Amino acid sequence: MVYSVKTFNNINQVGLKELGNHFQIDGDLAENPDAFILRSQNLHGIEFTKNLKAIARAGAGTNNIPIADATAAGIVVFNTPGANANAVKEAVLASILMSARDYIAANAWVNTLSGDDVPKQVEAGKKQFAGSEISGKTLGVIGLGAIGGRIANYAQRLGMNVLGYDPYVSIETAWNISHHVKRVDDVKEIFANCDYITVHVPLTDETRNTFDSEAFGLMQKGTVVINFARGELVDNAALFEAIEAGVVKRYITDFGTEELLNKDKITVFPHVGGSTAEAELNCAIMAGKTIRQFMETGEITNSVNFPNVHQALTAPYRITLINKNVPNIVAKISTAVSELGINIDNIINRSKGDYAYTLLDLDETDKAKVDHLVANFEASDNIVRVRLIAKK
Ligand SMILES: NC(=O)c1ccc[n+]([C@@H]2O[C@H](COP(=O)([O-])OP(=O)(O)OC[C@H]3O[C@@H](n4cnc5c(N)ncnc54)[C@H](O)[C@@H]3O)[C@@H](O)[C@H]2O)c1
């Protein structure tokens, strides 16, 4: 069995080796692939082919993928949580340090000097670049996931007081956050009490414009706002007013739009937070591993639209089903199996929202009988995707 993968955005080749020998990458089969691996390729508006079963985003954010459409089409969407978190953490820590001392403007000013007395001019003019130290200042972190959690821990080690806000923090992440990081239950506490605020939440309808005029209205004068998550988390019109009023001392973002460029007090980076050699490799390795596991075993790890599902395959055949999350579906599946005189070796069914995923292992070696069962499932209105996997 050869699976076909189509890649976009120059995925690290070393990482793609994780797919192993049973995958053809960007070959002649990529016309109608089983899986996509991509970084920032925008999939909104594309029509999914029937054969497409999985999409892996080598990165964390998945707002370039129409998740609801993929789910309805029975396509499992994966991301690589945490794989580039260290890279973004380092970029944000650099941004905090940079905004405390305005190194960029200081360097630009020195480069304007000329003549034999540059050292003199430096001594005469350097006062304008006297900065402040971050030790003892307060950092607010909105979103304490893979990136925000790491930043909170490290900023605290650099001597900052750290407030963290994340109403949905996972237990696993919470265990890794230093007890010195103070948890707040209302994001307003972050807006009102911090010298620096950094945001690390996914872009959703809930988080869009997290920084609006109300949020800026709560901030103290001279707050630094750092956004390496997504541009749309900030209402730019409200930001410009807050800068004008001296509320925002500096806005540092990884997401440029024309209106943000060449503006005093705004520093824009070209979406490079997660772009280190190490992060790109980590992301590609993780994406390759998850696609391989899913295609070869049906197991799901790190999906954004289906639950994690793991079960060792010991039976001759496994059927994987993506089904609508309707009452009695597991009983109906079991009945369909027993009607053909097949025994179930193992079954696991996990739901997420309106859909569920089932691994159905069959104690049956007669391929014709198993194919018959697959055809019956394919004819069911409540089942949107059926796959058959034979034990190697
Ligand atoms: N600049 C870059 O290159 C770059 C790289 C990686 C990720 N990102 C962005 O950073 C975001 C975070 O990445 P991550 O790896 O930390 O993701 P993550 O999933 O590990 O963490 C996100 C956290 O946000 C929390 N959250 C969700 N909604 C929230 C809300 N309304 N208020 C407060 N917290 C909320 C979640 O509970 C979770 O803990 C991504 O979604 C992506 O948009 C940017």
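As a reminder, the structure under discussion sits directly above these lines.
Residues numbered from 1 in each chain as written. Predicted model: local features only at pLDDT ≥ 70, side-chain atom pairs only at ≥ 80, totals over all residues. Heavy atoms only, no water.

Draft legend 1. Structural view of the overall build of the protein. Helix and strand content of the protein: 13 helices and 16 strands. In the protein, buried positions account for 46% of the 392 residues. For the protein, long-range pairs separated by at least 24 residues make up 63% of all intrachain contacts whose partners lie at least 6 apart in sequence. The protein carries 37 positive and 45 negative side-chain charges, and their two centres are separated by 4 Å. (Helix = DSSP H or I, 4+ residues; strand = E, 2+ residues; numbered from the N terminus. Buried < 20%, exposed > 50% of the residue type's maximum accessible area, 1.4 Å probe, protein only. Contact = heavy atoms within 4.5 Å. Lys, Arg positive; Asp, Glu negative; His and termini not counted. Charge placed at Lys NZ, Arg CZ, Asp CG, Glu CD.)

Draft legend 2. Molecular detail of the pairing of strand β1 (residues 3-7). Within β1, four of the five residues are buried, which leaves the element mostly enclosed by the surrounding structure. Sheet analysis places β1 next to strand β3 (residues 35-38), joined by three bridges and oriented parallel. Note that in β3 the partner of V5 across the bridge is A35. (Pairing = 2+ DSSP bridges.)

Draft legend 3. Looking closely at the packing of aromatic side chains. Overall, the coordinates contain nine aromatic pairs when judged by the stated rule. Relative to F129, the ring of W109 has its centre 5.6 Å away and its plane inclined at 45°; by these criteria the two rings are tilted. Of the two residues, W109 is situated in helix α4 (residues 103-112) and F129 in the loop between α5 (118-125) and β6 (138-142); the sequence distance between them amounts to 20 residues. Both residues of the pair, W109 and F129, count as buried. Centre to centre, the rings of F228 and F269 are 6.2 Å apart; their planes meet at 40°, and the pair counts as tilted. With a gap of 41 residues between them, F228 in the loop between β10 (223-227) and α10 (236-244) and F269 in the loop between β12 (266-268) and α11 (277-297) connect regions that are remote in the sequence. Judged by relative accessible area, which is 23%, F269 ranks as partly exposed. Among the aromatic side chains, those forming a connected cluster through ring pairs are F78, F294, F306 and Y357. Across from the ring centre of F240, 4.9 Å away, lies the NZ or CZ of K263, which sits over that ring. (Phe/Tyr/Trp six-rings, centres within 6.5 Å; stacked < 30°, edge-to-face > 60°. Lys NZ or Arg CZ within 6 Å of the ring centre and 35° of its normal.)

Draft legend 4. Quick peek at the site of the ligand. Taken together, 27 residues sit near the ligand, with A146, I147, D166, D254 and G274 positioned nearest. With respect to the ligand, the backbone of A229 contributes an N or O atom lying 3.2 Å from an oxygen atom. Side-chain polar atom of D254 to a nitrogen atom of the ligand: 2.8 Å apart, as the coordinates give it. Protein contacts shield 86% of the accessible area of the ligand, which totals 870 Å² for the unbound molecule. By residue class, the composition of the shell around the ligand is 14 nonpolar, nine polar and four charged. (Near = heavy atom within 4 Å. Polar contact = N/O pair within 3.5 Å; in protein donor to acceptor, adjacent residues only side chain to side chain. Areas by Shrake-Rupley, 256 points an atom, 1.4 Å probe, with all protein chains shown as cover. Nonpolar A, V, L, I, M, F, W, Y, C, P; charged D, E, K, R; others polar.)

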